[in-house]
Amino acid sequence: MALMSLSWCLGAALALLCGSSWPQVHSSLAPENEVPLRPTTWLPEGKITSITLPKGRTRRLYFTLRKKAPALSVTVSPCDLPIEWSLAARTLKDKPLKSPQWSTKKSMPEVWWRGPGTEEKIHSFTGNVVDTYRGPSHPHASIYILRLRSKQQNTRATVYLHEGLGPSGTFPLLPADPRVHTLGVGMTSVTLSWPPSASITGLPHAEKSYDYCVLVNSQKNYPSLCAARESMRKEKDQRQEKKERRRRVTVWPILKEWWWQQWDTYPEPQSPTSSITDEYADLQCVCQGTESVCTVSELLPDTQYYFDVFVMDRLNGTNMAYKGTFARTHEEARPAIITLREGELRWVTFHDRGSNSEQFFTFRPRGWQQSGLLTLQSCGGGEKVKVTVSSKGQVLTSQAVGGDLVHIWLQGSPSYLIHLEREGTTTSQIPAATDLALPGGLMASVKMQTSSAYHRRGVPSLPSTLQIKSFNRLRGCNSVTLAWMGTEERSLYCVYRRKLGNREAEAGGVSALTAPCLGPESRSDTERVLCKYFQELNPRRAVTTAVIGGLEPGMAYVFDVYLMRRWGIPIKYASKMVKTRKEC
């Protein structure tokens, strides 16, 4: 029995505790003229009043004018969301009774609501920008009613009432055309200008209560300074929330945060002066002062930015927003991309030896197979050259290019981007013979060719060695016999000869040999001795010979053999110097 009574007491205490914290909900079915018994919000004259607007609920502010007030103005400044607000004048037919019963239980606006009368709507507006109503006062109006409502989310707004003709002087003045103009756009900077405010131009130099504040972001233009601060606060809260999610690993931090959130749901009311004072504390103005020209720097290339200009009255804690603008910074200077033609042999040159340089090419293979062959050979001696092939932003291959031929098989993409980059010079000295391969005295060069491969399935085979052998026993006064390795593919081999002078023959060595990059296209037709086709299916036995006649006795000759292929750069064998016999 005692246990049942104890459980009943605990249940009753829990119900009382939960019931005390349950929010008071007003019936939505109450008629318009049925005003609940709650404190009436009066709108003071000449003071900025901040008001919270819950979602879907209409907030009312009441005010009366002095008897001899000729005109009035009401300024409503939404924070970050669109709101609806209207101003109405209510006129009573009979003067309200001042009985003790009514005055003790009902506020004066409620008494006016219950009495017979008429209501006239003076002004209405919907939007998220500052709106001001200016007009004459209604001589027969008993009370003015300002209604404000937010349909989207909970938000805030400020209201200011001014009695009399002319501007109140509380808000800064905007020019007739309050648009922000773009004077110049660069890759990392934007220059702005705007018509000056009469509040700043009419001030003496000693007074500095007005100034401009320029804000920049990459999301949107803000209709007010409050909206900009609200967006900054949300971004900060989102970053803080991500940090909190990583930190929550036990139950206690969650309960502790829940406990503090209960206190945060009932914040202490703040005076309008303190909130306005804190409004400018966390602003990050890229330009601030009295100049109506601003250059925003340190921006990212090829990015769209939004620029807002606010003129602020620090004495009264108010501000007005210009009509913002946006601009997109220029993209970074991209190097020219050269289109390679089918089978084109191209010399890629780098003029500047002191720094890195690069060049870009594009190639589109023919045929539905979308396959091709890229052949490269470096002719710069100690130059370090790297080739990177990519397609649709994805790197397919990246490798160094040296004196030996480099074959890159292209397959599966409609187009390829070829990036050649010179990385610098090695510490070893470049041989003098390499200069022969650099036409026009250029400091570096790469030989490159691209061609479509319609029926091939891979890189063509290469000879096992590129050395040329001469037979001493078969060397005569007017002829020599040469031999070199071929491939199992049917290919054309061309032999070139070059007669050396006495000094070149005596010097011998590297200076007398032909540069590796000099192909048959750079040789004279008179130097070509013969061209022959050769094919051997067994790579070990793929040896071919040629007897070169018509030579002079006792003279030195340099012989070059070129493997002429249908695809790619012709392969040059190592030069061979042979001297004919003087006597036979």
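Up top is the structure these notes are about.
Structure report, in brief. Because the structure is a prediction, the values reported are computed rather than measured.

## Topic: the overall build of the protein chain
Here's step 1: Scanning the protein chain from terminus to terminus reveals eight helices and 33 strands.
Here's step 2: Classification of the 584 residues of the protein chain by burial places 39% in the buried group.
Here's step 3: Sequence separation of at least 24 residues holds for 78% of the intrachain contacts in the protein chain that already meet a minimum separation of 6.
Here's step 4: Of the roughly 34,800 Å² of accessible surface on the protein chain, 53% is carried by carbon and sulfur atoms.

## Re the pattern of salt bridges
Here's step 1: This model, assessed by the stated rule, comprises 19 salt bridges.
Here's step 2: A salt bridge links R523 to D560; its shortest N-O distance comes to 2.9 Å. Of the two residues, R523 is situated in the loop between α8 (502-507) and β29 (528-534) and D560 in strand β31 (residues 556-564); the sequence distance between them amounts to 37 residues.
Here's step 3: The class of R523 is buried, set by a relative accessible area of 9%.
Here's step 4: Among the residues examined, D560 registers a relative accessible area of 0% and is labelled buried.
Here's step 5: For the salt bridge of K572 with D560, the shortest nitrogen-to-oxygen distance reads 3.3 Å. Residue K572 is found in strand β32 (residues 571-572), and its partner D560 is found in strand β31; the two are separated by twelve residues along the sequence. We note that K572, like D560, is buried.

## A closer look at the packing of aromatic side chains
Here's step 1: Scanning the model with the defined rule gives nine aromatic pairs in all.
Here's step 2: Their ring planes at 85° and their centres at 5.6 Å tell us that Y160 and F171 sit as a pair that is edge-to-face. Of this pair, Y160 sits in strand β8 (residues 155-163) while F171 is found in the loop between β8 and β9 (181-185), placing the two residues eleven residues apart along the sequence.
Here's step 3: A ring pair is formed by Y557 and F559, whose centres lie 6.2 Å apart and whose planes are at 35°; its orientation type is tilted. Summarising the burial analysis for this pair, Y557 and F559 share the class buried.
Here's step 4: Aromatic rings pair up to connect W194, Y212 and Y322 into one cluster.

## Some details on the nonpolar core
Here's step 1: Membership of the largest hydrophobic core comes to 22 residues, with the highest contact counts inside it found for L192, W194, Y212, V214, F307, V309 and Y322.
Here's step 2: Put simply, the parts of the chain that give this core at least two residues each are β10 (190-193), β11 (210-217), β13 (293-296) and β14 (304-313).
Here's step 3: No other element matches β14, which puts four residues into this core.
Here's step 4: Judged by nonpolar contacts, the second largest core, of 21 residues, contains L53, W85, L87 and L161.

## Some words on the environment of Y322
Here's step 1: With respect to the helices and strands, the residue Y322 is situated in the loop between β15 (318-321) and β16 (325-328).
Here's step 2: A residue is classified by how much of its surface remains accessible, and Y322, at 3% relative accessible area, is buried.
Here's step 3: The spatial distance from the C-alpha of Y322 to the C-alpha of W194 is 8.4 Å, given a sequence separation of 128 residues.
Here's step 4: When residues no more than four places from it in sequence are discounted, the contact partners of Y322 are L174, P175, P178, V180, W194, P195, P196, S197, Y212, V309 and V311.

Criteria and thresholds
- Residues numbered from 1 in each chain as written.
- Predicted model: local features only at pLDDT ≥ 70, side-chain atom pairs only at ≥ 80, totals over all residues.
- Heavy atoms only, no water.
- Helix = DSSP H or I, 4+ residues; strand = E, 2+ residues; numbered from the N terminus.
- Buried < 20%, exposed > 50% of the residue type's maximum accessible area, 1.4 Å probe, protein only.
- Contact = heavy atoms within 4.5 Å.
- Areas by Shrake-Rupley, 256 points an atom, 1.4 Å probe, with all protein chains shown as cover.
- Salt bridge = Lys/Arg side-chain N within 4 Å of Asp/Glu carboxyl O.
- Phe/Tyr/Trp six-rings, centres within 6.5 Å; stacked < 30°, edge-to-face > 60°.
- Core = buried A, V, L, I, M, F, W, Y, C linked by side-chain atoms within 4.5 Å.

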